[in-house]
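# Remarks on the overall topology
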Amino acid sequence: MNAEVLLATNLVTVLTAGLVSGVLCRRWNVAPLVGYLIAGALIGPNVLGIATLPQMPARPSPAETVAPPGASYQLEQIAQAGVLLLLFSLGIELSLEGLWRVRRAFFVGGATQTILILIPAALIARFVGADWGAAILIGVAVANSSTVLVFKALEEWGLAGTAAGKRTLALLLFGDIVLIPFLLLVPFLTGRGEPPGLDRFAILIGQFVVLLLGVPVARYLIGQIALERLSRLRSTEVVVLFTIAVLGGICLAVYHIGLPPAIGALAAGFVFGGSRWSKQIDAVTLPFRETAAAVFFVALGTVLRPSLVLTYPTGVLVSFAVVVLLKMVAGAIALRLSGLNWPSSFGLGTALGQMSEFSFLLLFAAMQAGALSRAAYEYLLVVAVLTLVVTPQLLRFGLSWVESTPEEPTARLAPRAEPEKVDEAVVVGAGPIGRGVAARLETFGMDVCVVDLSPVNLYAFDQQGFRTVAGDGQQRDVLQHAGTDRAKLVVVTVPDDSVALEIVKQVRALNKKAPILVRCRYQANQGQLRRAGATVVVAEEVEAASALLSLLENLRTMNDEA
């Protein structure tokens, strides 16, 4: 079978496995991630052997050896695209301003978490027989948590934009950055090479400085000039192609200066983050991101060797429990030091109880350098994958303790380079009513922005050229991204009166003059909505009663005529 046919076969197998597991997880109310990992383990070479899939993530540096091209290698690149798109979304969510606001969590919390995990894990590894170099590498691998997985989970639970969620993501970013120097130190720590000189570390620091200085420049050129001009075309396809081109270009540039492409994806997210287009860009890339991410997690599951759990049940379970508890405790302490209260710190500490896909990379490098045997590497891999499998269940338990207070918007959006000469309208709620209202306002010649909590609901609007913002309309920064402060009309069509009330309050705080039309389910809530600032309130009870009475009147007239 040639490489092209094998690639197509593997890709179809992975997507089918992801689809089946996703349907079953939805039916059984289980997190899709668990299904993806289990499906990958079943189709992988260690169980059914249906798919020949990559065993490791792609190398992060051009200096590293790259696998020869082939079906597995090509499928690996598709899987890595999911990681890059997820990290790109993470950069958009945090933005440079957002990261600066959580700098205490990044520096203090991130360092605390890494130290509290690295030292005990390294000592345990040394106690069970590893030499000091390998023990340190194992400690670093255990200390690193999955930024991709936690961000995806926080996004699904609606916590990615909260103060607690952003502090958690800051801790994860710190761990990812710390891991990079240890990849350089692998030969030294395993006794197989000389330690990198000061010149190599100076080059690494210089690379980060160039990257940090380049992000604000790129942000101005792309966000304030290029996107503003492209937006006038009102073409979703053009915006998507431009976004992917910029993301790929930045990742490629970062790769060629010797840094991981993942850092480039984060940098690209920072370039687009904080602008009025960031939520829309995040929404239109959602289908590509979710598909590639499913490929990634299914491929990740193929590295699991389930037979090890049966061969060493006590050792695997004890190792798994120690890793999860150690990371949860360290994460809770770090989040507490970053400014969260103890209940929220404990709840989100459960989100940090897993090892990451980048941990696999470091362990693989240690195995190649001779610090770990193949059996030890596969054993640690089983423990790592098990921590990933239980993460959704731990999150479901821990998130009940989290106070989801939104982050206070301290940064202001930059004005448009050349404001459009049309009136703007904002529609909050992308259901059937919101869809009809947006379409009618579009025929009036207004520039309509649709706001909804679900990016999936907004995808159809993106395809039709509407501006969209994916986020909670009760949060002021989300409404600011939608342009509520300059809108000539705001229409609220959400089906929950209490949510509509909070949205009206936030809209009126941003815009004192614009009329606010509100859909209301119950007549008793009309007065409260008007007092909050609504101009016109349409109650479903009143309209339904009026329609039924009119229908009865028509029926009576017809009977009289008969």
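Note that this is a predicted model, so its numbers are computed, not measured.

### Structural notes on the packing of helix α4 (residues 103-127) against helix α5 (residues 132-143)
Two elements in contact, α4 and α5, have axes whose closest approach is 7 Å; the angle formed by their N-to-C orientations is 140 degrees. Taken together, the axis directions place α4 and α5 in an arrangement best described as oblique. For the pair α4 and α5, the crossing hand works out as right-handed. Here Thr114, Ile117, Leu118, Ala121, Ala122, Leu123, Ala125 and Arg126 of α4 lie close against α5, whose contacting residues are Trp132, Ala135, Ile136, Ile138, Gly139, Val140, Val142 and Ala143. Here the contact of α4 with α5 is composed, by residue class, of 13 nonpolar, two polar and one charged.

### Observations regarding the pattern of salt bridges
Per the counting criterion, the structure on display carries six salt bridges. A salt bridge links glutamate 424 to arginine 467; its shortest N-O distance comes to 3.1 Å. One end of the pair, glutamate 424, is in strand β1 (residues 424-428); the other, arginine 467, is in strand β3 (residues 467-470), and 43 residues separate them in sequence. The buried category is assigned to glutamate 424, whose relative accessible area is 7%. On the accessibility criterion, arginine 467 (6% relative accessible area) is buried.

### Section: a nonpolar patch on the surface
Taken together, the side chains of Phe107, Val108, Leu116, Val329, Ile333, Leu337 and Trp342 make up a nonpolar region of the molecular surface, amounting to roughly 620 Å² of accessible area. Listing elements by their share of the nonpolar patch, those giving two or more residues are α4 and α14 (313-337). The residue valine 108 is located in helix α4 in this model. Taking the relative accessible area as the measure of exposure, valine 108 reaches 41% and is therefore partly exposed.

### Structural notes on the packing of helix α16 (residues 357-368) against helix α17 (residues 374-398)
Axis separation between α16 and α17 bottoms out at 10 Å; the angle between their running directions is 175 degrees. As far as their axial angle goes, α17 and α16 are roughly antiparallel. The segment α16 lies against α17, with Phe360, Leu363, Phe364 and Met367 engaging Arg374, Tyr377, Leu380, Leu381, Ala384, Val385 and Leu388. Residues that form the contact of α16 with α17 fall into these classes: 10 nonpolar, no polar and one charged.

### Quick word on the nonpolar core
Ranked by internal contacts, the top residues of the largest apolar core, which has 126 residues, are Leu87, Phe272, Leu362 and Leu363. Here this core gets 14 residues from one element, more than from any other, and that element is helix α7 (residues 163-189). Once residues lying within four places of it in the same chain are set aside, the contact partners of leucine 87 are Thr147, Val148, Ala262, Ala265, Leu266 and Phe358. In terms of nonpolar packing, the next biggest core, distinct from the first, is built from 25 residues, Ala500, Val507, Val518 and Ala532 among them.

### A short note on the confidence of the model for the protein
Per-residue confidence for the protein gives a mean pLDDT of 79; residues scoring 70 or more make up 81%. Across the protein, the element-wise mean pLDDT spans from 68 in helix α11 (residues 278-284) up to 96 in strand β4 (residues 489-492). Here residues 54-71 is modelled with pLDDT under 50, and outside its nearest four sequence neighbours on either side it reaches 47 contacts, counting other chains as well. Low pLDDT, under 50, characterises residues 405-421; the stretch is placed with 38 contacts to residues that sit more than four places away or in other chains.

### Concerning the pairing of strand β5 (residues 516-520)
Counting buried positions along β5 gives four out of five residues, so the element sits mostly inside the fold. In the classification by handedness, the crossover that spans β4, the intervening helix α21 (residues 497-510) and the parallel β5 is right-handed. Sheet analysis places β5 next to strand β6 (residues 536-539), joined by four bridges and oriented parallel. When the sheet's bridge partners are listed, cysteine 520 is paired in β6 with alanine 539. Between the parallel pair β5 and β6, the chain is carried across by helix α22 (residues 526-532), and the sense of this crossover is right-handed.

### What about the environment of leucine 286?
For leucine 286, the location among the structural elements is in helix α12 (residues 286-301). Each C-alpha atom, one on leucine 286 and one on leucine 85, is 8.7 Å from the other, the two residues being 201 residues apart in sequence.

Scoring rules and cut-offs
Residues numbered from 1 in each chain as written. Predicted model: local features only at pLDDT ≥ 70, side-chain atom pairs only at ≥ 80, totals over all residues. Heavy atoms only, no water. Axes fitted to C-alpha atoms, helices over the stretch in contact; angles between N-to-C directions. Helix = DSSP H or I, 4+ residues; strand = E, 2+ residues; numbered from the N terminus. Parallel < 35°, antiparallel > 145°, perpendicular 65-115°, else oblique. Left-handed = near helix turned anticlockwise from the far one by under 90°. Contact = heavy atoms within 4.5 Å. Nonpolar A, V, L, I, M, F, W, Y, C, P; charged D, E, K, R; others polar. Salt bridge = Lys/Arg side-chain N within 4 Å of Asp/Glu carboxyl O. Buried < 20%, exposed > 50% of the residue type's maximum accessible area, 1.4 Å probe, protein only. Patch = residues over 30% accessible without salt bridge, like charges linked within 9 Å, V, L, I, M, F, W, Y side chains within 5 Å. Areas by Shrake-Rupley, 256 points an atom, 1.4 Å probe, with all protein chains shown as cover. Core = buried A, V, L, I, M, F, W, Y, C linked by side-chain atoms within 4.5 Å. pLDDT = per-residue confidence, 0-100. Right-handed = clockwise from strand over helix to strand, strands pointing away. Pairing = 2+ DSSP bridges.

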